[in-house]
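Residues per chain, in single letters:
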Amino acid sequence: MKVITCEIVWHNKEPVYSLDFQHGADGRINRLASAGVDTAVRIWKVEKGPDGKAIVEFLSNLARHTKAVNVVRFSPSGDILASGGDDAVILLWKLNDSKELEPLVFQDDDEAQLNKENWAVIKTLRGHLEDVYDICWTSDGNYMASASVDNTAIMWDVNKGQKVSIFNEHKSYVQGVTWDPLGQYIATLSCDRVLRVYSTQTKRVAFNVTKMPSGSGAEGEVRSFRMFHDDSMKSFFRRLSFTPDGSYLLTPAGCVESGENVTNTTYVFSRNNLKRPVGHLPCPGKGTLAVRCCPVYFELRGASAEDEISPRSPPALFSLPYRLVFAVASEDSVLFYDTEQSFPFGYVSNIHYHTLSDISWSSDGSFLAISSTDGYCSFVTFEEGELGVPLKEKPQLHVRTPGAAAADRKAKKSQSHKVISPGSRLPEGTPPCKDPPVPPRTPSTAGKELPSTPVGIRTTSVPSPSTPVGIKTTSVPSPSTPVGIRATPVPSPSTPVGIRTTSVPSPSTPVGIRATPVPSPCTPVGIRATPVPPCEERRGSQAGTQGSRAPQPRRVTLTTLQPCFKTPRRINLISLKPDTPASAYPDPAPIPPSSEQEHEKPFPSDESLQGPPAPKRARIEDLPLPAPAGAQTSCESNK
């Protein structure tokens, strides 16, 4: 292990806030992205020299941000670079392979001439209100999460460039965010001293971690202490991380209180229990601010290495069939751990004059880059085999992305809702279309409320599809469907009662449903309402009509001719007065099929009645007949 601090003016001697190695590329070039207060993002090439130390070469200057850049993160495939800064935007950069350079709008000609690569912005993600502090990608690179000073974390759909969800439970700056490699959780750490773990499926908080019991007091009361530092911590960042296999969550900025002594530490949470840590990794110096895991899986050391470990060493916190290596950066030092022991195997300190800000591993684990607010960066290099023997094959991870979860929910929803639901109605102004065929109901399914049944419609058992049944309708809140048929109380058997309907705002919806006796069964389909005599003027307001509740609602007898519904239907409506001959009225929209799910007792036997009285309302003759071709009904007079 060798350490070198390169004498390079990384960002015009301004503080360097973040850096990140490119993973998943062809492997021939170790690209490193850096970001700083000078508002620029820069791409570097890192190689190992003959003496084993790092050699850095400038590749490109990415100038688009207008304020300091706080974080840079390459996508897992290495194709896209995300950068976030104090200008509250996230820029997605991509390498332009064409020789034609982009217009030099955001940088000087002198700087552009030094560029060996041309990177262009392909998307700009806007949603945060304040500085963006941290960014993390999903394993497939289709989603990302960002943390901000506006007390929120945002889940993004990268392909669409849109927000998926906003997490606003934190009470102060969100200084770190990480996405579970298995796609189930997003963890955020804030200077409000709370670790929050969100479920990517429900978009809600799954775990809140803030306090730890510290034993019982003098009177037996249970005491607890806050597990994380408050905003007095010097660093702007609390970059937490999952292990590459998602089995553990490592959180910096921890503190353990033992009496009056406070020890800085990094907490270790097991995936099986994210409510409380399984252990912690004390830091002898100042508070920890970043944890990054080496992307390489290593084989276990074996028995020979275990014998070298002192028997007094504490038991391992981790239990894995392979060995993972990770680095923890504090304000002034870097500690190296692996999952086979709970104490560090490496320690680097006194390499910078000011607080460290970020660390990053190369794809092969041979470099660890360290950035500092003193304006310089350092590199820790490892020889081949120094960290261990890499596994020949990485373990397979079962990743679950938000997109796959949404697709599963849509598939289940489409399977469970095969009946036409009240939500799928015609838009306002659309003329009603042909009634869809309704499958015959069986006694086994009768009497059950279906999810698609409109509000206010109940189902009762039906002896046979051909048996006439009563249909009681209530108002359905659809702009293109007649609101409903409401009955008024009947004061005496001799008093005629009309069928009243509420007005519908759609111009294509008929005002009311009226019916008259039809002399021939060949009359086209349509439900016609009985006119009301002039002596029975009930022209109250619509509110009065809707407020009138009848103890015995009006019944409409619907006769189904065959269960398959390929033959015409017959709807019998009762006429009340024999004084006036039948008059034609426009046919309203057909009753929705879902209204047939309310069944009452069969109506009494029909007897002949005389013609109806004079019409209650003026006729409307200019509306078209909405009934489907081939379907016919006949209105018979009953007593």
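Everything here concerns the structure above.
All figures in this text were calculated on a predicted structure; none of them were measured in a lab.

Cut-off values and rules
- Along each chain, the written sequence defines residue order, and numbers are assigned to residues from 1.
- Under the rules for a predicted model, residues below a pLDDT of 70 receive no local features and side-chain atom pairs below 80 are neither given nor counted, while totals for whole chains, interfaces and linings still include all residues.
- Excluding hydrogens and water, the side-chain figures rest on all heavy atoms present in the structure.
- Numbered from the N terminus, helices here are DSSP runs of H or I no shorter than four residues, and strands are runs of E no shorter than two.
- When accessible area is computed with a 1.4 Å probe and restricted to protein chains, residues below 20% of their type maximum are described as buried, those above 50% as exposed, and intermediate ones as partly exposed.
- Whether two residues are in contact is decided by their heavy atoms: any pair within 4.5 Å suffices.
- The accessible surface values rely on the Shrake-Rupley method and a 1.4 Å probe; as for residues, cover is taken only from the protein chains in view.
- Two strands are said to pair when DSSP picks up at least two bridges between them.
- Where helices are involved, their axes are fitted lines through C-alpha atoms of the stretch in contact, as for all axes, and angles between N-to-C directions lie from 0 to 180°.

Visitor: Tell me what's going on with the overall build of the protein, and back it up with residues and numbers.
Guide: Along its length, the protein carries four helices and 35 strands. Scored against the burial criterion, the 639 residues of the protein give a buried share of 49%. If you take every contact in the protein between residues at least 6 apart in sequence, the share linking residues at least 24 apart comes to 61%. For the protein, the accessible area works out to roughly 31000 Å², and carbon and sulfur atoms hold 51% of it.

Visitor: Let's hear about the environment of Leu324: which residues, and what values?
Guide: Position of Leu324 among the secondary structure elements: in the loop between helix H2 (303–308) and strand S25 (325–330). With relative accessibility at 2%, the residue Leu324 sits in the buried group. In this structure, the C-alpha to C-alpha distance between Leu324 and Asp338, residues 14 residues apart in sequence, is 5.4 Å.

Visitor: Hey, could you go over the sheet that holds strand S2 (residues 16–21) for me, with residue numbers and the actual values?
Guide: Read across the open sheet, the four strands follow the order S2-S3-S4-S5; overall the sheet is antiparallel. With one partner strand each, in any of the chains shown, S2 and strand S5 (54–63) form the two edges of the open sheet. Pairs of neighbouring strands in the sheet enclose a mean axial angle of 25 degrees, with direction left out of account. Examined bridge by bridge, strand S3 (residues 31–36) and strand S4 (residues 40–48) share five bridges and lie antiparallel to one another. Within S4, the residue paired with Arg31 across the bridge is Lys45.

Visitor: Run through the environment of Gly279, naming residues and quoting values.
Guide: Following the sequence through the fold, Gly279 ends up in strand S23 (residues 279–282). Of the residues examined, Gly279 reaches a relative accessible area of 13% and is grouped as buried. A C-alpha to C-alpha distance of 7.3 Å links Gly279 and Phe269, two positions ten residues apart in sequence.

Visitor: Please give an account of the environment of Val69 that cites residues and values.
Guide: Relative to the helices and strands, Val69 is located in strand S6 (residues 69–74). A relative accessible area of 0% means that Val69 is categorised as buried. C-alpha of Val69 to C-alpha of Val132: the two residues are 63 residues apart in sequence and 8.4 Å apart in space. The residues contacting Val69, other than those within four sequence positions of it, are Tyr17, Ala35, Gly36, Thr39, Ala40, Val41, Ser83, Gly84 and Gly85.

Visitor: Tell me about the pairing of strand S26 (residues 333–338), residues and numbers included.
Guide: The two faces of a sheet get side chains in turn, since along a regular strand they alternate between them. Burial analysis of S26 places six of its six residues in the buried class, the great majority of the element. Residue alternation in S26 divides its side chains into two sets, Ser333, Leu335 and Tyr337 and Val334, Phe336 and Asp338, and both sets are buried. As judged from the five bridges shared by S25 and S26, these two strands associate in the antiparallel manner. By the bridge assignment, Ala327 is partnered in S26 with Phe336. Hairpin geometry of S25 and S26 is characterised by an intervening segment of two residues between the two adjacent antiparallel strands. The sheet contact formed by S26 and strand S27 (residues 346–349) spans four bridges and is antiparallel. Bridge pairing links Val334 to Val348 in S27.

Spatial relationships are all this shows, so hold off on functional conclusions.
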